[in-house]
Amino acid sequence: MTEKKFMDQFSCKIKKLDPDAQIPTKAHSSDAGYDLYSCEPVTLAPMERKVVKTGIAIALAFPDLYGRVAPRSGLAVNKGLDVLAGVIDSSYRGEVGVVLINLSNEEVFLNKGSKIAQLILETHYIAGWEEVDSLPVSDRDEKGFGSSGE
């Protein structure tokens, strides 16, 4: 299947809630994430967190698809900004917001139209849960945090 046919068959719907909102874009066609843009200027004090509006709402192409909102590496390295939460379920139709936190010691200002996060489309699986009295044995067993030596 050609890329064009694939995109036509699985295209996600997007609605601008703000006339200045920007449609998510990729810098390179092979990038995993689509850049999300702020539709408002934002200032974050050190250790402050805010939900930043994107001015868009989306309808994902099929029920097993969800959007993971991930940090942008440049904002993390250069500004100390991280994304705290970020799952957009296929049934969600509200505005896409990005929860940013400033982990630096300096105030950070972002202009309206700044790239603030990336949206990565992923599939998920529906599982059933079976309550049991014991779990199957594994090589790792109950070893958790720090068990790999790192």
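Residues numbered from 1 in each chain as written. Predicted model: local features only at pLDDT ≥ 70, side-chain atom pairs only at ≥ 80, totals over all residues. Heavy atoms only, no water.

1. Some remarks on the overall build of the chain
Counting its regular elements, the chain contains two helices and 10 strands. Along the chain direction, N to C, the helices and strands of the chain fall in the order α-β-β-β-β-β-α-β-β-β-β-β. Within the chain, the fraction of its 150 residues that count as buried is 28%. When the accessible area of the chain is evaluated, it comes to approximately 10600 Å², of which 52% is carbon and sulfur surface. (Helix = DSSP H or I, 4+ residues; strand = E, 2+ residues; numbered from the N terminus. Buried < 20%, exposed > 50% of the residue type's maximum accessible area, 1.4 Å probe, protein only. Areas by Shrake-Rupley, 256 points an atom, 1.4 Å probe, with all protein chains shown as cover.)

2. Some points on the side chain of Ser-104
Positionally, Ser-104 belongs in the loop between β8 (95-102) and β9 (108-110). Looking at Ser-104, its side chain comes within polar contact range of the side chain of Asn-102, at 2.7 Å. Side-chain polar atoms of Ser-104 contact the backbone oxygen of Glu-106, separated by 2.9 Å. Discounting chain neighbours no more than four positions away, the residues touching Ser-104 are Pro-46, Met-47, Lys-79 and Gly-80. (Polar contact = N/O pair within 3.5 Å; in protein donor to acceptor, adjacent residues only side chain to side chain. Contact = heavy atoms within 4.5 Å.)

3. Structural notes on the packing of aromatic side chains
Overall, the coordinates contain zero aromatic pairs when judged by the stated rule. When the ring centre of Tyr-34 is taken as reference, the NZ or CZ atom of Lys-26 above it lies at 4.6 Å. (Phe/Tyr/Trp six-rings, centres within 6.5 Å; stacked < 30°, edge-to-face > 60°. Lys NZ or Arg CZ within 6 Å of the ring centre and 35° of its normal.)

4. Things to note about the pairing of strand β5 (residues 65-70)
With five of six residues buried, β5 lies mostly within the body of the structure. For β5 and strand β10 (residues 115-123), the ladder comprises six bridges, and the chain directions are antiparallel. Residue pairing in the sheet places Val-69 in a bridge with Leu-119 of β10. Where β5 lies against strand β7 (residues 87-88), two bridges are found, and the strand directions are antiparallel. Following the sheet pairing, Gly-67 is matched in β7 by Ile-88. (Pairing = 2+ DSSP bridges.)

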